[in-house]
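Chain by chain, the residues:
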Amino acid sequence: MISCGVVLSCTILYVPHTIDKIVFFILDPHNHHLFIPSPQRKQKRTTMRFHSTVALTHAFSLSAAFSFLPKSLSRSHKPTSRHAQSTFSLLSTSTDSTMTSPVIVSNFIESTNTNYERLHKAFELQFWGTKMNLSGPQYSVDELTRTKAEMEAFLADESKLAKTREFLKEVHEDSPHHKTLKMFERTFGCYIMESEEAKALRAECTKIEGRLDNARSMMTLGAMMPSGEFVEMSSVGLRNKVRVDPDEHVRKACFEGLTKIGDFVCENGFVDLVKARNKMAKKLGYLDFYDYKVTNAEGFGKVELFEILDTLEKGTRPIMENARKIFAEEKGGPSALEPWNQSFLMAGDVTRRMNPYFPFQKSVEQWGKSFAAMNISYKGANMDLDLLDRKGKYSNGFCHWPQPAWVKSDGSWQPSTTHFTSLADPSAVGSGYTALNTLMHEAGHAAHFSNIEMPSPLFAQERSPTSVAYAELQSMFLDSLVGDADWMAKYAVSKEGETIPWDLIADKIKATHPYKVFALRGMIAVPYFEKALYEMDEDDVTAESIKALADRIEKDIQGGLSARPLLSVPHILSDEASCYYHGYVLAEMGVHQTREFFLKRDGYIADNPNVGPTLASAYWKPGNSEPFLSLVENLTGAPLTGDAWVNELKQSVDEVLKEEKVKYEAKVTDCAESEAGEEINLDMRIRIVDGDEVLADTEKDGSFLATCKTFEKYVEERFAKKD
């Protein structure tokens, strides 16, 4: 309520032709209540809640009004015709004031939300259409470039930032609008470029990236086999062969095929892209492009980031060096460390033996059952899954949201629409295990972004200022379950219904646990490469120097050339994903800390019905309104560190075997006692597609499990000859 001593001003609005009544009201801007004194008995008043000028007009059918507001309403409601507007002060204590009406703030927020939603959707539909190589004439690189430019121009509108800051000065921190305006301020600040030259360079980057991406998608990729035959394969197919093929000559040929990606991108625009990105970032006052990206995404700069990563790098270097020495001794000498041998000798045989227990055609069903058991809901979302590899398709799995989830101004819920993809070849050994990992990962992203309950779509979009580490923590936490013995005891089941035996899980632990540090080192190699790349002098940035730098970083960070060459990592090419990989490292730290929290609190993670609600309330609901580091600390009760991760690396094989066997046996007993056949409800419509073709649809098939059966039948029929 407004006290009698508040400074007020009165505005008379003249409405042409219909002046028949004048109503006197007082508006409290902090809680949006309207107080209307009764003309008969002034001590009485009517109170009404309102949210917009439309609601106000409909509520009172006013022809004219005396408005008593803290600070003048006249500035916000200027006349649009010849009819005059008179403003005069009331009360002897009155002073001049300029507070904006809450209605004006509401309208600004509503307009920003709906316009951003429209532009976001237009760009994301183009992104999906071009990356999936869809046949529709509406999809093109030119349209992708145009829609992206329109969306970013909207976010880079300086007048919106100025209005936002003006409103923030006047809106009380307790107002429901304050948090949304703060998000607008952060988001617009990430995109506004005061330098015209920087804007031009940004546009140039987009054009170069579009041409490079188009050329990369059309690249003929594959391996020259020992027989002399060139076999065309995607990067995922080549990597899979390097991991599991028993013929060393084939593995080497596939590795060499992967190295061709670096040659290709460096000759098709990547050099120019690196230069343009760096020029743009430096024009904006950043150290370089990496500093620009990490500052916008994480809220702290490159220097602080690498202080964190350096601690992890130095702390695990001795572990890596010792592991490489032991690996060579156990696996037959220095040749075991060749990039085409290391991953196969570490787990290739175990991967082949595990293959029957991860049938690709069952992967969607197992993912759904696992998430449902953890009480994960998608809150009415729609999802398109494009899972199968094909020529011309983007060479990396991803998950995007053409429709962000958010709570509209009228309180209604807008569910998300999700597009996610993988590159599976069901005929390849290990494809089922890879597909399930990808499903758990990308569906983890989808669960996160489907559960953001904030009053703007800008809280639920994956670009800056959304933290990379925050986004990846959710997906990586959920895909980590695939490696747990108790999870495999229930979900690693052959087509014939046989559960994976403990002895095979034990062999996997023995083969991989001593060398888990290799994965950590491979992960941190990417940010160290991009850091060094964008720190190069412009004159030194050439195709040859970039390729030499990639080799040098691999040898320094990983101890030798990597089975996944750095220049084959698709993230480094894409604007959204470049200088992004550090997020996986920070997220992995968060994964281990979050796992430790659940294990201490509940004793288990797989099939724990408390996991979904806990993640939804602590991590998902706030969206990007809270810093990543704060979210982790708020849930786990401790600041983010790498301690839980490093402690796991230091565990002996015997300790891990003992812990995992107990979990495995308990889950086997639990499965034997529980009833099967329960329907799965993820609260989501799912369409499984292959490019333009719809393979299965829960709306058509009637249920999640029925859709899984339709997909299973399709895969078995299509790939029968390859099995």
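Heads up: these notes are all about the structure in this document. All values derive from a computational prediction rather than experimental measurement.

**Observations regarding the nonpolar core**
Moving on, step 1. Phe-270, Phe-358, Trp-367, Phe-371, Tyr-378, Trp-487 and Phe-529 are the most contacted members of the largest nonpolar core, which has 199 residues in total.
Moving on, step 2. Considering each element in turn, this core owes the most residues, 12 residues, to helix 18 (residues 516-534).
Moving on, step 3. For Trp-487, the contacting residues outside a window of four places in its chain are Phe-358, Ser-370, Leu-436, Met-440, Leu-481, Val-482, Ala-492 and Ala-606.

**Quick notes on the pairing of strand 13 (residues 417-424)**
Moving on, step 1. Counting buried residues in strand 13 gives seven out of eight residues, a clear majority hidden from the surface.
Moving on, step 2. Here strand 9 (residues 381-388) pairs with strand 13 via six bridges, running parallel. By the bridge assignment, Asn-382 is partnered in strand 13 with Thr-417.
Moving on, step 3. Relative to strand 13, strand 10 (residues 398-403) runs antiparallel, the two being bridged by four bridges. Residue pairing across strands places Phe-398 opposite Thr-421, the latter belonging to strand 13.

**Focus: empty space enclosed by the protein**
Moving on, step 1. Per the counting criterion, the structure on display carries four cavities of 30 Å³ or more.
Moving on, step 2. There is about 120 Å³ of room inside the largest cavity.
Moving on, step 3. Considering the residues around the largest cavity, the lining is formed by Phe-123, Phe-127, Lys-131, Leu-144, Thr-145, Lys-148, Thr-206, Glu-209, Gly-210, Asp-213, Ser-574 and Glu-576.
Moving on, step 4. Only helix 2 (102-131), helix 3 (141-155) and helix 6 (196-218) provide two or more residues apiece to the lining of the largest cavity.
Moving on, step 5. If you tally residues by element for the lining of the largest cavity, the top one is helix 6, at four residues.
Moving on, step 6. Class assignment for the residues of the lining of the largest cavity results in three nonpolar, four polar and five charged.

**A closer look at the pattern of salt bridges**
Moving on, step 1. Applying the stated rule across the entire model yields 48 salt bridges.
Moving on, step 2. Across the pair Lys-302 and Asp-288 runs a salt bridge whose closest N-O atoms are separated by 2.7 Å. One end of the pair, Lys-302, is in helix 11 (residues 302-331); the other, Asp-288, is in the loop between helix 9 (270-283) and helix 10 (289-298), and 14 residues separate them in sequence.
Moving on, step 3. In this structure Lys-302 comes out as buried when scored by relative accessible area, which is 5%.
Moving on, step 4. With a shortest N-O distance of 3.8 Å, Arg-463 and Glu-462 are connected by a salt bridge.
Moving on, step 5. Through salt bridges with shared partners, a single ionic network connects Glu-124, Lys-148, Glu-152, Arg-202, Glu-209, Glu-462, Arg-463, Asp-575 and Glu-576.

**Some words on helix 2**
Moving on, step 1. In this model, helix 2 (30 residues) spans 43 Å end to end at C-alpha, consistent with the 44 Å of a helix rising 1.5 Å per residue.
Moving on, step 2. N-cap assignment for helix 2: the residue whose side-chain oxygen lies 3.0 Å from the backbone N of Val-103 is Ser-101.

**What about the side chain of Gln-593?**
Moving on, step 1. In this structure, Gln-593 sits in helix 20 (residues 582-601).
Moving on, step 2. For Gln-593, a relative accessible area of 6% puts it in the buried group.
Moving on, step 3. A polar contact is formed between the side chain of Gln-593 and the backbone oxygen of Pro-639, at a distance of 3.1 Å.
Moving on, step 4. Sequence-distant contacts of Gln-593, that is, excluding residues within four places in its chain, are made with Val-632, Thr-636, Ala-638, Pro-639, Leu-640, Thr-641 and Ala-644.

About the cut-offs
Residues numbered from 1 in each chain as written. Predicted model: local features only at pLDDT ≥ 70, side-chain atom pairs only at ≥ 80, totals over all residues. Heavy atoms only, no water. Core = buried A, V, L, I, M, F, W, Y, C linked by side-chain atoms within 4.5 Å. Buried < 20%, exposed > 50% of the residue type's maximum accessible area, 1.4 Å probe, protein only. Helix = DSSP H or I, 4+ residues; strand = E, 2+ residues; numbered from the N terminus. Contact = heavy atoms within 4.5 Å. Pairing = 2+ DSSP bridges. 1 Å grid on protein atoms, 1.4 Å probe; cavity = no way out; pocket = protein on both sides within 12 Å on 5 of 7 lines; lining within 4 Å. Points joined across faces, edges and corners; volume = space filled by probe spheres on them. Nonpolar A, V, L, I, M, F, W, Y, C, P; charged D, E, K, R; others polar. Salt bridge = Lys/Arg side-chain N within 4 Å of Asp/Glu carboxyl O. Expected span 1.5 Å × (residues − 1). Polar contact = N/O pair within 3.5 Å; in protein donor to acceptor, adjacent residues only side chain to side chain.

Interpretation in functional terms is not warranted from these geometric data alone.
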